[in-house]
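# Results of the structural survey
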Amino acid sequence: MRLVLASASPARRAVLRSAGVEPDVMVSDVDEEALLTELGEAGAAEKVTALAMAKARTVAGQVAGEVDGDGAAFDGIVVGCDSMLDLDGELVGKPGSVEAARGRWDQMAGRHGELVTGHAVIRVRGGRPEAEISGHAATLVTFASPTTAELEAYLAAGEPLSVAGAFTLDGLGGWFVEGIQGDPSNVVGISLPLTRHLLAQLGVAISDLWAASAPPAG
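Values in this document were obtained by computation on a predicted structure and should not be read as measured data.

## What about the overall build of the chain?
The number of helices and strands found in the chain is eight helices and seven strands. Computed over C-alpha atoms, the radius of gyration of the chain comes to 18 Å, within 12% of the 17 Å expected from 2.2 N^0.38 for 218 residues, which places it in the range of a compact globule. By its C-alpha atoms, the chain is 60 × 45 × 30 Å across when sized along the principal axes. Here the chain holds 218 residues, and the buried ones make up 44% of them. In the chain, of all internal contacts separated by at least 6 residues, the share reaching a separation of at least 24 is 70%. Per element, the accessible surface of the chain, about 10300 Å² overall, is 51% carbon and sulfur.

## With respect to the packing of aromatic side chains
For the structure on display, the rule yields five aromatic pairs. Ring plane angle 85 degrees and centroid distance 4.9 Å describe the contact between phenylalanine 143 and phenylalanine 167, whose orientation is recorded as edge-to-face. Of this pair, phenylalanine 143 sits in strand E6 (residues 128–143) while phenylalanine 167 sits in the loop between helix H5 (148–157) and strand E7 (177–181), placing them 24 residues apart in sequence. Classification of phenylalanine 167 by relative accessible area gives buried; the value is 4%. Ring-pair connections join several aromatic residues into one group, and the members of that group are Trp105, Phe143, Tyr154, Phe167 and Phe176.

## Quick look at the side chain of threonine 117
Tracing the backbone shows threonine 117 in strand E5 (residues 112–125). At 2.7 Å, the side chain of threonine 117 and the side chain of serine 83 are in polar contact. Aside from chain neighbours lying at most four places away, what touches threonine 117 is Val48, Cys81, Asp82, Ser83, Gly135, His136, Ala137, Asn186 and Gly189.

## Describing the nonpolar core
Ranked by size, the top nonpolar core spans 20 residues in total, and within it Leu3, Leu16, Ile77, Val79, Val121, Ile190 and Leu199 carry the most contacts. Of all the secondary-structure elements, those providing two or more residues to this core are strand E1 (2–5), helix H1 (10–18), strand E3 (76–87), E6 and helix H7 (192–201). Residues Leu85, Val92, Val141 and Ala166 belong to the second largest nonpolar core, which totals 19 residues.

## Quick word on the confidence of the model for the chain
Chain-level pLDDT for the chain is 91 on average; 96% of the residues reach the 70-or-more range. Confidence, read as mean pLDDT per element, is least for helix H8 (residues 206–213) in the chain (80) and greatest for H7 (97).

## Digging into the packing of helix H2 (residues 32–39) against helix H3 (residues 44–63)
Contact pair H2 / H3: the axes reach a minimum separation of 10 Å and the direction vectors enclose 135 degrees. When the interaxial angle is binned, H2 and H3 end up oblique. Crossing angle aside, the handedness with which H2 passes H3 is right-handed. Contact residues: H2 offers Glu32, Leu35, Leu36 and Leu39, while H3 offers Glu46, Lys47, Ala50, Leu51, Ala54 and Lys55.

## A word on the pattern of salt bridges
A full pass over the atoms with the stated rule returns nine salt bridges. Glutamate 22 serves as the salt-bridge partner of arginine 13, at 3.1 Å between the closest nitrogen and oxygen. Judged by relative accessible area, arginine 13 falls into the partly exposed class, the value being 32%. Owing to a relative accessible area of 35%, glutamate 22 belongs among the partly exposed residues under this scheme. The closest approach of N and O atoms between glutamate 152 and arginine 102, which form a salt bridge, is 2.9 Å. Remark: arginine 102 occurs in helix H4 (residues 98–108) and glutamate 152 occurs in helix H5; sequence separation between them is 50 residues. Looking at glutamate 152, the relative accessible area reads 32%, which means it is partly exposed. Via salt bridges that share partners, Arg13, Arg17 and Glu22 belong to a single interconnected network.

## A closer look at the environment of glutamate 114
Within the secondary structure layout, glutamate 114 lies in strand E5. Note: C-alpha distance between glutamate 114 and glycine 165 (51 residues apart in sequence) is 9.7 Å.

## Section: H5
If you check which residues of H5 are buried, you get Leu151, Tyr154 and Leu155. Buried residues in H5, looked at end-on, bunch into an arc of 100 degrees, giving them a common side. In H5, those exposed residues whose orientation departs by more than 90 degrees from the buried face are Ala149 and Ala156. Tucked into the core, H5 has its buried residues touching H4. Where H5 ends, the next residue or the one after it, glycine 158, has phi of about 90 degrees, a positive value.

Analysis parameters
- Sequence order as written defines residue numbering, which begins from 1 separately in each chain.
- With the structure being a predicted model, the display of local features is reserved for residues of pLDDT at least 70 and the display and counting of side-chain atom pairs for 80 or more, all residues being used for whole-chain, interface and lining totals.
- Note that water and hydrogens are dropped before the side-chain values are worked out from all heavy atoms of the structure.
- Only DSSP runs of H or I covering at least 4 residues are called helices, and only runs of E covering at least 2 are called strands; the numbering of each starts at the N terminus.
- Here the radius of gyration uses the C-alpha set of atoms, whereas the globule reference equals 2.2 Å times the residue count to the power 0.38.
- Accessibility here uses a 1.4 Å probe with only protein chains present; expressed as a share of the type maximum, an area under 20% marks a residue as buried, one over 50% as exposed, and anything in between as partly exposed.
- Whether two residues are in contact is decided by their heavy atoms, any of which lying within 4.5 Å being enough.
- To measure how exposed things are, a 1.4 Å probe is used in the Shrake-Rupley method; for residues, cover is taken only from the protein chains shown.
- Under the pairing criterion, centres of Phe, Tyr and Trp rings, with the six-membered ring standing for Trp, must be within 6.5 Å; the plane angle then separates stacked pairs below 30 degrees from edge-to-face pairs above 60, leaving the rest tilted.
- A 3.5 Å cut-off defines polar contacts: any pair of N or O atoms within that distance qualifies, except that in protein one atom must be a possible hydrogen donor and the other a possible acceptor, and neighbouring residues in sequence count only when both atoms are side-chain atoms.
- Grouping buried Ala, Val, Leu, Ile, Met, Phe, Trp, Tyr and Cys residues that are joined through side-chain atoms within 4.5 Å yields what is termed a nonpolar core.
- pLDDT gives the predictor's per-residue confidence on a scale running from 0 to 100.
- Every axis in this analysis is a line fitted to C-alpha atoms, fitted for helices over the stretch in contact. Angles between the N-to-C directions lie between 0 and 180 degrees.
- When describing relative orientation, an angle under 35 degrees is termed roughly parallel and one over 145 degrees roughly antiparallel, while 65 to 115 degrees is termed roughly perpendicular and anything else oblique.
- In a left-handed crossing the near helix is turned counterclockwise from the far helix by less than a right angle, and in a right-handed crossing that turn is clockwise.
- By definition, a salt bridge exists where a carboxyl oxygen of Asp or Glu is found within 4 Å of a side-chain nitrogen of Lys or Arg.
- Arc definition: directions from the helix axis to the C-beta atoms.

Shown next as structure tokens:
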């Protein structure tokens, strides 16, 4: 059984790989800004879950038409995720520029924020999406107060520009996280506990994915 990750995030892929699953990666072409505009004043959980589902559905539609060398239709799982930082009710995504990232850290330093990740899982079998389920996970993050020199060095490294909340837990940004309450894998971008629960509700055991990822014997 294949697992397709509907995300370009190397961090999400690394989480799955370290947990025994080697995902295929297929990036969707979802217009995130348009969908967020459509969602209007919806809360953080609703927004990230809707984005995750839109990504998963787009990729599921693509893989459903695939056949292997023996003519067999795709049989597997598509997982979509989307993360945002909820900072006192303000949703913070990827800053995209040094100036925006610096402003985010001016807000975040010495404070708490909630990293919310939406998850969507779609079972594809026999050439069609068969069932889907979604959910979200939230982890409280306590941020340090980096010195001006530390922050400028972090910004110059480029890492915070393309990640939700302008920080990482598993990279350079980990130096500036004082602590978390909740699931650490969720902060990285995909909650292993939640993903396991969602898979189980679709009748898929984690061990099936381990078996699919195991190297051939001999």
